[in-house]
Amino acid sequence: MIYDSILSCVGNTPTVRLSKMFPYQEHTVLAKLEMLNPGGSIKDRPAKFMVEQGIKRGDITPYSHIIESSSGNLAIALAMICQQHALPFTAVVDPKISPTNLKLLEIYGANIVQVTEKDQNNGYLQTRIDTVKRLVAQTANAVWINQYANPDNWRSHYFGEAEEILKDLEVKVDYLVVGASTSGTLMGVARRLKEANKNLKVVAVDITGSVLFGGTSGPRELPGIGASRVPELLDPTEVDEVIYVDDYESASACRELVKKESIFAGGSSGSAIAAIKKLLPSIPKHSVVLTLFADRGDRYLDLVYDQDWFDMVKQRHLSNTQLEQIV
């Protein structure tokens, strides 16, 4: 098949069984490889959907200037999508952006505005959003995509990978395990799969230091999972269980995933694997567990796969573990 453009290649990602990570017969663990989208991540789906729906409604015109807060995959995906639609794009990023992501944004021709001040939750998210609002007020024909509140975010996953899962899988999924951040993926996939199977259990994965599900704000290093504010899209009542992991557990799982499955995945994929390891002992035998690998590992060479960074989060993990034992 010959596609019209790179945008036509978004979606239809494969699902694999993690037979070497989880070789025993009690459970089946599956992963949908969203990392194989053309822009390298699951964020290709909402970026494409939100822009194209905006164009259909007339909210986005040929004269629009797209602005969004993101230090990671959505910014890269929007840069790719906007380039194909000949729309200028400005990404508001923060100091935690990886050098690789910053370079990718530059290659795709994005305008980059980096904030430096932390917000009241000791993160950068609210500062980025405040900066977006200021830029929108100052920029002619500006359109804020607003991934945190835009319902087209979760709809892209509802009509996208969730439909693909129902079409492609020959087994019924018992547990959906998804990392949470803007919550678009979590909400969209969970809603569609629950329509098909009311007994599905939705397990959200959050990172230690995130406030999404009432946790205490604290230091965290991995982009793409967790948040320093609760996004408007998140409805906790649609989540059956929340499992917390930390940066070290996530990075360790990433490295194990490469070693055992030869899947070179990003940080939130490791978070999902670490959460699944915690989940499996408590669920019925022969359960089918599904997760999504959001992005590739090459965007984490300076984080997850860097030994100095890994040693730093390991030390933090050990210190926190010792403190918990004392308490």
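Please refer to the structure higher up on the page.
Parameters at a glance
- Residues numbered from 1 in each chain as written.
- Predicted model: local features only at pLDDT ≥ 70, side-chain atom pairs only at ≥ 80, totals over all residues.
- Heavy atoms only, no water.
- Phe/Tyr/Trp six-rings, centres within 6.5 Å; stacked < 30°, edge-to-face > 60°.
- Helix = DSSP H or I, 4+ residues; strand = E, 2+ residues; numbered from the N terminus.
- Buried < 20%, exposed > 50% of the residue type's maximum accessible area, 1.4 Å probe, protein only.
- Lys NZ or Arg CZ within 6 Å of the ring centre and 35° of its normal.
- Pairing = 2+ DSSP bridges.
- Axes fitted to C-alpha atoms, helices over the stretch in contact; angles between N-to-C directions.
- Contact = heavy atoms within 4.5 Å.

## Section: the packing of aromatic side chains
Each pair of aromatic rings is reported with the distance of its centres and the angle of its planes.
Part 1 of the argument: Per the counting criterion, the structure on display carries five aromatic pairs.
Part 2 of the argument: Taking 5.3 Å as the distance between ring centres and 45° as the angle between the ring planes, the aromatic pair formed by Tyr248 and Phe310 counts as tilted. With a gap of 62 residues between them, Tyr248 in helix H8 (residues 247–261) and Phe310 in helix H10 (residues 307–326) connect regions that are remote in the sequence. With respect to class, Tyr248 is no different from Phe310; both count as buried.
Part 3 of the argument: Following the ring pairs from residue to residue traces out a cluster consisting of Phe49, Trp154, Tyr158 and Phe159.
Part 4 of the argument: Over the aromatic face of Trp154 sits the side chain of Arg191, whose NZ or CZ is 4.6 Å from the ring centroid.
Part 5 of the argument: Sitting above the plane of the Phe310 ring, Arg255 keeps its charged end 3.9 Å from the centroid.

## Regarding the sheet that holds strand E6 (residues 142–144)
Backbone-to-backbone hydrogen bonds pair the strands of a sheet. The strands run either parallel or antiparallel.
Part 1 of the argument: Read from one edge to the other, the open sheet built from four strands follows the order E5-E4-E3-E6, with strand pairing classed as parallel. The strands lining the two open edges of the sheet, one partner per strand, are strand E5 (111–114) and E6. When the angles between neighbouring strand axes are averaged without regard to direction, this sheet yields 25°.
Part 2 of the argument: Both strand E4 (residues 89–93) and E5 contribute to a ladder of four bridges, which runs parallel. Directly across from Thr90, in E5, lies its bridge partner Asn111.
Part 3 of the argument: Contacts from helix H2 (residues 73–84) reach strand E3 (65–69) and E4, with the element oriented near 175° to E4.

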